[in-house]
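# Geometric and topological summary
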Amino acid sequence: MNFLIHPLNLTSWQTLLYFMLCCATFASTSLQAEESIPAARQSNAPAFTRTVVSYVTPDVSVIREDGKRLPFLKELDDGRPVIMNFIFASCSAICPMLSHVFSKVQTNLGKDSEKVHMVSISIDPENDTPAKLTEYAKKFGAGPNWNYYTGTVGSSIAIQKAFSAYRGDKMNHTSLILVRAAPGKPWTRLEGFVNPDAVVNEYRTLSKQ
Amino acid sequence: MLTPFILRQLKISALLMPILCSTLFGAVDAIAQTASAPANLVEQGRRIYLEGIDGTGNPLQGVRADNARLVGAQAACVNCHKRSGMGSVEGDILIQPITGNYLFNPDKFQLATMDPRTGKKFNLTHAAYTEESLALAITSGVNNSGRKMHPLMPNYPIDKSDMAALSAYLKELSKEWSPGVSKDNIRLATVITPEVEGVRRKAFVDTLQKAVMQKNGSTLTSQNKKGRRHMISAAEMVLGTERTWTLDIWELQGAPETWGAQLEEKYKAQPVFALLSGLSNSTWEPIQNFCENTQVPCWFPSSSLPPATESFYSLYYSRGVNLEADVLAKYLSGNKKPKRVVQIRRDDIIANEAAKRLNTSLAAVGITSEDRVFKAKADEPISIQQVTNGLTSDDVTVFWLRRTDLTELGKSTPPPVKAVYFSAEMAGGEQGIPSSWQSITHLIYPYELPDKRQSNLTNFHAWQTMKKLPLIDEPLQAEAFFAVEFLTETLAEMLDNIYRDYLIERSENMLSRNEAIKSEQQVRERVMWSKTGSTAKQQGTSIYPHLGLGVNQHFASKGAYIVGFTKEGKLMADSDWIVP
């Protein structure tokens, strides 16, 4: 209802003109959206992309799923290798898939899962209270080395921005997994439909370097 | 006047041209004419779709491209394609509508906005599905254009009977417009409960009716050829799916126990598509129950006491006084824990619930609390002397009172306590706080702070001034106005798919994004048309700092500030935004 601002007052003939203009200019185009599907969605294209990037961990405070308020820097840079993703509890299509992948990664890491810190950052922090995240973690069988983090809207956005994961709104989020061997090392960025094996392989390769 | 704005709209219509032509010259009837399948088959399909239980009563099994197995509720179609079957957008993944209309009758030009605001994305066109091609899509993930679909869509190795059941269910799903909807009109009602003060009732009804009139005035229909376009969506304009609204006022009477029956009776006499806004100083539970049972959306009522259990059809601004109680408990549990909290209230349902909640939350953080209740009957004035016995400067008092009672309090001096807290939710903001009490007074404040709020509400205030609507209760009137605006925008993006479930799903998906985009747009337009008014940064269009919804997330604002007064009587924040 933007009546205040649009001094537009299309009478019916203006509307007709508008229609005709559309017709005349574009009548030959047809809506073939099927053909304009981005390559990444075609089955023969790689399901995900891999890049190596350096990021500066933001100095914000976060709240872990156990309710503890902690400096994010310390949590992330405690020396352990990190595998990180971004989720929110009320997301019903992509996030279960992402969390499923994480869960598989945890299993497939085997003994190594005790050395790795798995980090899930909520991008809907006001809704994702520690209690909600604990429940969510349980649903995906998160072990002691897989933590969930929430905080203020500001701290969540700061973290998303620091890792080029900010898309303006939780509903715009895309599938992203970040892997890093140790503090100070660059991050590997896996974007798209990432399978658990690819994540584990990435970790193994990085930790050998 | 081809401003960049309009040019952008034209570009969008380019994509819509074929639709336009087919709509102009073809049939507009959106209702599929298919013979109905037996009820038990549809029921079998419903269980697969919504619950993930197959025809033999076992959990549905789905296999994703990475071989991950989805079982039972996790595999249910509803997770992705939604209750309405209209699909959704998550990130850059389009989850297609799969109702019978969309699968089997694409020649009717079923069109759904899949990524509003970018103005580019709609559902993909395809040839009509057949039973065979649908089975192939569901079992092997190849759509009827022969394309291997996005790996998010699982493969379901289901048998013939389950396939027939699914197909039967999909054909029934969102088959026709919901009740209360016709080709060019949508019927709505607003509920007002009996105990609401006359002044607020009038301010509320006036605001709502004027906003709806304004909406109708800008809706272009065959009757209203001079409608001043609101230009929400070019697709809507080209498709001519705009509808005017009829607003009924449903005034309830008597005790809350009887409201359910009254609502059912009113609904039976005149079905409505949704309840728009609403006003109550009492419990909202009977209304939420009605909405859930009748499957009618309950769209952002101004209620201080929404039921704690969230439901699919009800959307709220916040948890009301329950939220306030939690915020205050969290605030008081900080560094300067008070020895004792004394809660003072009338014997009224909202105040009682608020006090109960605060008692529980205070107990959890180890603060003792005590309850005191005014003896005054509902229509008698309160007297502060009844409740101040033994209060000391170690005590913190919390008054759960409405604005009318605050005026009464102002006639006496404040009690000799450390601090006094009021509920902004119950008092309708800070306006009623007696100035003689301000030095020790704080408010639990679920709204945006005044400076930022004025900028967020610039359009509302300009409108309300233009309409000569006196500002009686800013939170209430701003909420009613927002409810109309957001419904206008959400319905516009739904095009011709006016289904109740879809309305809820879209608002879950769109609210926070819509707020961000709209704020930006309002600032830009204010500059562009150089209307008077600030060009200050704007973070939303409601009285709350930010709003957001999601699946099972139906309270849009989740926190509150604690505020106090400066010597000059200006509001100032004592705390950050607290989310309990």
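## Some words on the sheet that holds strand 20 (residues 571-573) of chain B
All names here are of chain B. With respect to topology, 7 strands assemble into an open sheet ordered 15-14-16-17-18-19-20, the strand pairing being mixed. Of all strands in the sheet, those with a lone pairing partner are strand 15 (368-373) and strand 20, marking the two edges. The mean angle between the axes of side-by-side strands here comes to 30°, regardless of whether they run parallel or antiparallel. As paired elements, strand 16 (residues 395-400) and strand 17 (residues 419-423) share 4 bridges and run parallel to each other. Paired with valine 398 across the strands is tyrosine 421, a residue of strand 17. Sheet contacts for helix 11 (residues 321-332): strand 14 (340-345), strand 16, strand 17, strand 18 (441-445) and strand 19 (561-565); angle to strand 17, the most-contacted strand, approximately 155°.

## Description of helix 5 (residues 131-140) of chain B
All names here are of chain B. Every buried residue belonging to helix 5 is among Ser133, Leu134, Ala137 and Ile138, and all of these are buried. Seen from one end, helix 5 has its buried residues packed into an arc of 135°, which puts them on one side. Of the surrounding secondary structure, the elements contacted by the buried residues of helix 5 are helix 4 (100-104) and helix 6 (160-172). One or two steps after helix 5, the chain reaches glycine 141, where phi turns positive at roughly 70°.

## Some details on the sheet that holds strand 2 (residues 61-64) of chain A
All names here are of chain A. Read across the sheet, 8 strands follow the order 1-8-7-4-5-6-2-3 without closing on themselves; strand pairing throughout is mixed. Every other strand in the sheet has two partners, leaving strand 1 (48-53) and strand 3 (69-71) as the edge strands with one partner each. Mean inter-strand twist for the sheet, computed between neighbouring axes without regard to direction, equals 30°. Both strand 5 (residues 117-122) and strand 6 (residues 146-150) contribute to a ladder of 4 bridges, which runs parallel. Its bridge partner lying in strand 6, isoleucine 121 is registered against tyrosine 149.

## Section: the state of the cysteines
Tallied over the full model, the rule gives 1 disulfide over all chains. Disulfide pairing places Cys91(A) opposite Cys95(A) at an S-S distance of 2.3 Å. Taking the sign of the torsion about the S-S bond as the criterion, the disulfide between Cys91(A) and Cys95(A), at about 100°, is right-handed. Across the pair, Cys95(A) and Cys91(A) agree in class, each one buried. Summary of cysteine pairing: Cys291(B) is not part of a disulfide, and the nearest cysteine sulfur, belonging to Cys298(B), is at 3.1 Å. Owing to a relative accessible area of 0%, Cys291(B) belongs among the buried residues under this scheme.

## Looking at the nonpolar core
Among the nonpolar cores identified, the biggest contains 79 residues, and Leu276(B) and Phe300(B) are the most heavily contacted of them. The dominant element in this core, judged by the number of residues it contributes, is helix 17 (residues 474-493) of chain B, at 10 residues. Ignoring any residue separated from it by four or fewer positions in sequence, one finds Phe300(B) in contact with Ser277(B), Leu315(B), Tyr316(B), Tyr317(B), Ala483(B), Phe486(B), Leu511(B), Leu549(B) and Ala556(B). Formed by 56 residues, the second largest nonpolar core is a distinct cluster that contains Phe86(A), Leu98(A), Phe102(A) and Ala165(A).

## Focus: unusual backbone geometry
Residue and element names in this part refer to chain B. Residue glutamine 295 is not a glycine yet carries a positive backbone phi of 60°. Mapped onto the secondary structure, glutamine 295 falls in the loop between helix 10 (285-294) and strand 11 (298-299). Exposure remark for glutamine 295: the relative accessible area of 42% places this residue in the partly exposed category.

## A closer look at the domain arrangement of chain B
All names here are of chain B. Each assigned domain of chain B is listed with its residue range as follows: domain 1 (4-172), domain 2 (185-317 + 457-532) and domain 3 (321-445 + 560-573). Regarding the contact of domain 2 and domain 3, the summed buried area is about 890 Å², with carbon and sulfur atoms giving 54% of it. Area buried by domain 2 at its contact with domain 3 is led by Asn281, Ser304 and Leu305, which between them contribute 56% of it. On inspection of domain 2 and its partner domain 3, the count reaches 0 salt bridges. Here the side of domain 2 that touches domain 3 is built from residues that sort into 4 nonpolar, 5 polar and 3 charged.

## A word on the packing of aromatic side chains
For any pair of aromatic rings, the description rests on two quantities: the centre-to-centre distance and the angle between the ring planes. Going through the model one piece at a time under the given rule, you end up with 28 aromatic pairs over all chains. With a centroid separation of 5.6 Å and 20° between ring planes, the pair formed by Trp146(A) and Tyr148(A) is classed as stacked. Taken individually, Trp146(A) and Tyr148(A) each receive the classification buried, so the pair is uniform in this respect. A centroid spacing of 4.8 Å and a plane angle of 85° characterise the contact between Phe312(B) and Tyr313(B), whose relative ring orientation is edge-to-face. Residue Phe312(B) shares its accessibility class with Tyr313(B), and that shared class is buried. Taken together, the ring pairs connect Trp299(B), Phe300(B), Tyr317(B), Tyr445(B), Tyr447(B), Phe482(B), Phe486(B) and Tyr544(B) into an aromatic cluster. The ring centre of Phe312(B) lies 3.6 Å from the NZ or CZ of Arg83(B), which sits over that ring.

## Re the pattern of salt bridges
Scanning the model with the defined rule gives 36 salt bridges over all chains in all. Between Arg80(A) and Asp78(A) there is a salt bridge, with its nearest N and O atoms 2.9 Å apart. For Asp78(A), a relative accessible area of 38% puts it in the partly exposed group. Of the charged contacts in the structure, one is a salt bridge between Lys518(B) and Glu485(B), with a shortest N-O distance of 2.7 Å. On the criterion of sequence distance, the pair formed by Lys518(B) in helix 18 (residues 500-528) and Glu485(B) in helix 17 is long-range, its members being 33 residues apart. Each member of the pair Lys518(B) and Glu485(B) is classed as buried. The structure contains a network of salt bridges with shared partners spanning Glu43(B), Arg46(B), Arg47(B) and Glu51(B).

## Considerations on the confidence of the model for chain B
Residue and element names in this part refer to chain B. Averaged over every residue, the pLDDT of chain B is 88; the share at 70 or more is 88%. Under a pLDDT of 50 for its full length, residues 1-34 has, in the predicted model, 65 contacts with residues more than four places off or in other chains. Interface confidence for the predicted complex, given as ipTM, is 0.84, next to a pTM of 0.89.

## Describing helix 18 of chain B
Residue and element names in this part refer to chain B. Between its first and last C-alpha, helix 18 extends only 36 Å over 29 residues, short of the 42 Å set by a 1.5 Å rise per residue. By the largest-angle criterion, methionine 510 marks the main kink of helix 18, which is about 55°. With 23 of 29 residues buried, helix 18 is to be regarded as a mostly interior element.

## Some remarks on the environment of Trp284(B)
All names here are of chain B. Secondary-structure assignment places tryptophan 284 in the loop between strand 10 (279-280) and helix 10. In this structure, the C-alpha to C-alpha distance between tryptophan 284 and proline 301, residues 17 residues apart in sequence, is 9.0 Å. Those residues in contact with tryptophan 284, other than ones at most four positions away along the chain, are Val191, Gly278, Leu279, Cys298, Pro301, Ser303, Leu305, Pro306, Pro307 and Tyr316.

## Section: the environment of Thr134(A)
Inspection of the secondary structure puts Thr134(A) in helix 4 (residues 130-139). For the pair Thr134(A) and Asp66(A), spaced 68 residues apart in the sequence, the C-alpha separation amounts to 7.2 Å.

Calculation criteria
Residues numbered from 1 in each chain as written. Chains lettered and ligands numbered in written order. Predicted model: local features only at pLDDT ≥ 70, side-chain atom pairs only at ≥ 80, totals over all residues. Heavy atoms only, no water. Pairing = 2+ DSSP bridges. Helix = DSSP H or I, 4+ residues; strand = E, 2+ residues; numbered from the N terminus. Axes fitted to C-alpha atoms, helices over the stretch in contact; angles between N-to-C directions. Contact = heavy atoms within 4.5 Å. Buried < 20%, exposed > 50% of the residue type's maximum accessible area, 1.4 Å probe, protein only. Arc of directions from axis to C-beta. Disulfide = S-S within 2.5 Å. Core = buried A, V, L, I, M, F, W, Y, C linked by side-chain atoms within 4.5 Å. Domains from an automatic or database assignment. Buried area = accessible area lost by both parts, 1.4 Å probe. Salt bridge = Lys/Arg side-chain N within 4 Å of Asp/Glu carboxyl O. Nonpolar A, V, L, I, M, F, W, Y, C, P; charged D, E, K, R; others polar. Phe/Tyr/Trp six-rings, centres within 6.5 Å; stacked < 30°, edge-to-face > 60°. Lys NZ or Arg CZ within 6 Å of the ring centre and 35° of its normal. pLDDT = per-residue confidence, 0-100. Expected span 1.5 Å × (residues − 1). Bend = angle between axes of the 7 residues up to and from the residue.

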